[in-house]
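Residues per chain are reported as follows:
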Amino acid sequence: MAEQLRFDGQVVVVTGAGGGLGKAYALFFASRGASVVVNDLGGSFKGEGNSNKAADVVVDEIKAAGGKAVANYNSVESGNLIIDAAIKAFGRIDILLNNAGILRDVSFKNMKDADWDLIIKVHVKGAYKCARAAWPHFRKQKFGRVINTASAAGLFGSFGQTNYSAAKLAMVGFTETLAKEGAKYNILCNVIAPIAASRMTETVMPPDVLENLRPQWVVPLVAVLVHKSNTSETGGIFEVGGGHTAKLRWQRSGGLLLKADDSYTPGAILKKWNKVVDFSDPQYPTGPNDFMTLLEESMKMGPNEQ
Ligand code: NAD
């Protein structure tokens, strides 16, 4: 039998760990030997109010099972205080799970600045503040693992969730750049688009579906990605939930290259539009196109058909 992945001696910070996915992460990592900072503001799923209870209940459960955990009640908007709590309680931080989140669903027509701002603050600024505070520790110890949390809503769009979709796709760009900056220091960063039963989804999915989407079934992928045995998987975008685990990537069409001169007009593009949208010979880019090569090729071409 394969050996269990263990996290003995490591410190894991889980934001939004008072319920749903965060609670599942916290219980798992504590059961596998890690010391866990159980952060949760304890508000409603719309981000109203706060309470110590959500985090305390999880810490009590971990301790009752013989694990090590401390509670932290700060908002992720003050992520530095959450990382401070890890250092104060356990002297280090190895793994950061940026998981806290809220919803302010409303059609775009009725979107208010407050709905927009709060979602961006909690998801984007929250993930930034936690990662920013953890970063110097990761760099110094030449080890760090980060999971950011996106959503299918961010990747594909979702009615009534422009604010949430924008924030969640931001997690992808954030992760991709962190992965590039962290690689030299053995800081690996991946982003997941999970699906799981929680108070966020219980009102939009039927009970029989929810039963098959336990938060515990998102945890194993996260464990694989943040374990020290993962030394290469970074900058990945993963879909996970209900037993499904898949990686996503960008696809670029073969594309249309035209002469860049005055004949590069809307008409010239329209004439060959099928090439712009033709995915029969795709590329899978992990960085910007090689524009210098394309430019050289374009310069050699004759004038474009209109
Ligand atoms: P959840 O509401 O059960 O958990 C989120 C937790 O974050 C809550 O306990 C909440 O109190 C906490 N929280 C909210 N704002 C906070 C703040 N400012 N500071 C600290 N804690 C805060 O929901 P969940 O489904 O477990 O969601 C976890 C993450 O997964 C979220 O980022 C969510 O957007 C994302 N997500 C979930 C699903 C899903 O199917 N459940 C799908 C896509 C993305």
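Reading the values: rules and limits
- Per chain, residues are indexed from 1 in the order of the written sequence.
- Totals for whole chains, interfaces and linings use all residues, but because this is a predicted model, local features are given only for residues with pLDDT of at least 70 and pairs of side-chain atoms are given and counted only at 80 or more.
- Processing note: side-chain calculations cover all non-hydrogen atoms of the structure and skip hydrogens and water entirely.
- Only protein chains enter the calculation, and the probe is 1.4 Å; a residue is then buried if its accessible area is under 20% of its type maximum, exposed if over 50%, and partly exposed in between.
- Secondary structure counts use DSSP, requiring at least four H or I residues in a row for a helix and at least two E residues in a row for a strand, with both numbered from the N terminus.
- For two strands to pair, DSSP has to find at least two bridges joining them.
- The path from the first strand over the helix to the second decides the hand: if it runs clockwise while the strands point away from the viewer, the crossover is right-handed.
- Every residue pair with non-hydrogen atoms within 4.5 Å of one another is taken to be in contact.
- Interaxial angles span 0 to 180 degrees and are taken between N-to-C directions of axes, which are lines fitted to C-alpha atoms, for helices over the stretch in contact.
- Each angle receives one of four descriptions, namely roughly parallel if under 35 degrees, roughly antiparallel if over 145, roughly perpendicular if within 65 to 115, and oblique otherwise.
- Left-handed is the label given to a crossing in which the near helix is rotated counterclockwise from the far helix by less than a right angle, and right-handed is the label when the rotation is clockwise.

Asks: Just checking my understanding: could you explain the pairing of strand 4 (residues 95–98) for this structure?
Replies: The two faces of a sheet get side chains in turn, since along a regular strand they alternate between them. Side chains Ile95 and Leu97 of strand 4 all project onto a buried face; the interleaved residues Leu96 and Asn98 project onto the opposite face, where all are buried too. With four bridges joining them, strand 4 and strand 5 (residues 144–149) adopt parallel strand pairing. Within the sheet, the bridge partner assigned to Leu96 lies in strand 5 and is Val146. Crossover strand 4 to strand 5 through helix 4 (residues 113–141) is right-handed.

Asks: When you look at the environment of Lys121 in this model, what are you seeing that I'm missing?
Replies: Along the chain, Lys121 falls in helix 4. With 46 residues separating them in the primary sequence, Lys121 and Ala167 have C-alpha atoms 8.8 Å apart. Residues contacting Lys121, with those up to four places away along its chain left out, are Glu77 and Gly126.

Asks: How do you make sense of the packing of helix 3 (residues 79–90) against helix 4 when you look at a structure like this?
Replies: A pair of packed helices is captured by two measures, namely the crossing angle of their axes and the spacing between those axes. Two numbers describe how helix 3 lies on helix 4: the axes approach to 6 Å, and their chain directions differ by 40°. Our classification of the angle between helix 3 and helix 4 gives oblique. Handedness of the helix 3/helix 4 crossing: right-handed. Residues Gly79, Asn80, Ile82, Ile83 and Ile87 of helix 3 form the contact with helix 4, whose participating residues are Lys129, Cys130, Ala133, Ala134 and His137.

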